[in-house]
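Tertiary structure, described
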Amino acid sequence: MDIQNSVAVVTGANRGLGRHFAAELVKRGAKVYAGARNPSSIDLPDVVPLQIDITDPESVAAAAATASDATLLINNAGIDTHTELLDGDLDDIRRELETHLFGTLRATRAFVPVIEANGGGGVLNVLSVLSWVHIPQSEAYSVAKAASWAMTNSVRTRLAPKGVRVTALHVGYLDTDMAAHIDGPKSDPAVVAALALDGVQAGAYEVLADEISKNVRAGLSADLTALYPQLTAPQA
């Protein structure tokens, strides 16, 4: 799709990757609705602050009514509660699913009729390499992102005949507040935002924004024991 002449809605645009998405879209000539639960937290110039809480159906419906000229939705809003599955708080696990799966789906369902009415366009879902490979500190996050990946693949098929292309962005750790506790390589969110928008422009189904995402994606058909050696460990 044509990014330059698009009208984009970015959820979670007040910080992190979402803020870089909004800035890059403005740079490319798009009109941008920068969404946040608290629109006063939006500090970017040349954007339209938009109140949206993707876990609140009324907020999402109101945002879709306000951004009635939208042609591109970037589902970026997310959380990470660092919750483990076997002994973590079930309410935190539900929060992850409510945000990454149901919230992303809710925003998609609200904005797709708008995008379709405006002649078609795109949806970009921000996913993660943790959709595919899972670590103890982020088990709930991985489950929610894996569910969102499945949802993304499902709605892509449904929306293609309507002129709405759905793109999935997969990336490892980013140099943002959410990953501040992580020691190790992190991608520049400005570079990732630009790569993702290049993918949307080209009509890509998936954007693999770093080497770890490319390597893990390529190995999805491999023996699980290659990723999880403990599966072959002797059982007590």
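Everything quoted here is computed from the prediction, not taken from an experiment. (Residues numbered from 1 in each chain as written. Predicted model: local features only at pLDDT ≥ 70, side-chain atom pairs only at ≥ 80, totals over all residues. Heavy atoms only, no water.)

Looking now at the packing of aromatic side chains. This model, assessed by the stated rule, comprises one aromatic pair. Where W132 meets W149, the ring centres are 5.6 Å apart and the plane angle is 75°; that geometry is what we call edge-to-face. Highlighted residues: W132 in the loop between β5 (121-126) and α4 (139-159) and W149 in helix α4, separated in sequence by 17 residues. Across the pair, exposure class does not vary: W132 and W149 are buried alike. (Phe/Tyr/Trp six-rings, centres within 6.5 Å; stacked < 30°, edge-to-face > 60°. Helix = DSSP H or I, 4+ residues; strand = E, 2+ residues; numbered from the N terminus. Buried < 20%, exposed > 50% of the residue type's maximum accessible area, 1.4 Å probe, protein only.)

Before going further, it helps to spend a moment on the side chain of S148. On the secondary structure map, S148 appears in helix α4. Those residues in contact with S148, other than ones at most four positions away along the chain, are H100, L101, T104 and L127. (Contact = heavy atoms within 4.5 Å.)

Before going further, it helps to spend a moment on the pattern of salt bridges. Counted by the stated rule, this structure contains nine salt bridges. When the shortest N-O distance is used, the salt bridge between E24 and R28 registers 2.8 Å. Of the residues examined, E24 reaches a relative accessible area of 13% and is grouped as buried. Between R106 and E98 there is a salt bridge, and its shortest N-O distance comes to 3.1 Å. A relative accessible area of 22% places R106 in the partly exposed class. E98 sits in the partly exposed class, given a relative accessible area of 26%. (Salt bridge = Lys/Arg side-chain N within 4 Å of Asp/Glu carboxyl O.)

So, on to the sheet that holds strand β2 (residues 31-36). Reading across the sheet, the seven strands line up as β3-β2-β1-β4-β5-β6-β7 and stay open at both edges, with parallel pairing between neighbours. Single-partner strands in this sheet number two, and they are β3 (48-51) and β7 (206-208). With strand direction ignored, the average angle separating the axes of adjacent strands in the sheet is 20°. Here β2 runs beside β3; their pairing, made up of four bridges, is parallel. Residue pairing for β3: G35 is matched across the bridge by L50. Packed on one face of the sheet, α4 meets β5, β6 (164-170) and β7 and runs near 160° to β6. (Pairing = 2+ DSSP bridges. Axes fitted to C-alpha atoms, helices over the stretch in contact; angles between N-to-C directions.)

Positive phi is not limited to glycine here, since D46 has a value of about 65°. Tracing the backbone shows D46 in the loop between β2 and β3. Positive phi, normally seen in glycine, also occurs at H82, with a value near 55°. Within the secondary structure, H82 sits in the loop between β4 (72-75) and α3 (90-117).

As a further point, take the nonpolar core. One finds L17, F21, L25, I74 and L169 to be the most contacted residues of the largest nonpolar core, which totals 29 residues. Those elements that provide at least two residues to this core are β1 (7-10), α1 (16-27), β2, β4, β5 and α5 (189-202). Considering every element that reaches this core, the biggest residue donor is α5, with five residues. Those residues in contact with L25 that sit more than four places away from it in its chain are I3, A8, V10, A30, V32, L72, I74 and L197. One finds L101, F111, V123 and M151 within the second-largest nonpolar core, a separate group that totals 24 residues. (Core = buried A, V, L, I, M, F, W, Y, C linked by side-chain atoms within 4.5 Å.)

Here we take up the environment of R95. One can find R95 in helix α3. Separated by 15 residues in the primary sequence, R95 and D80 have C-alpha atoms spaced 9.2 Å apart. In contact with R95, not counting residues within four places along its chain, are I79 and T81.

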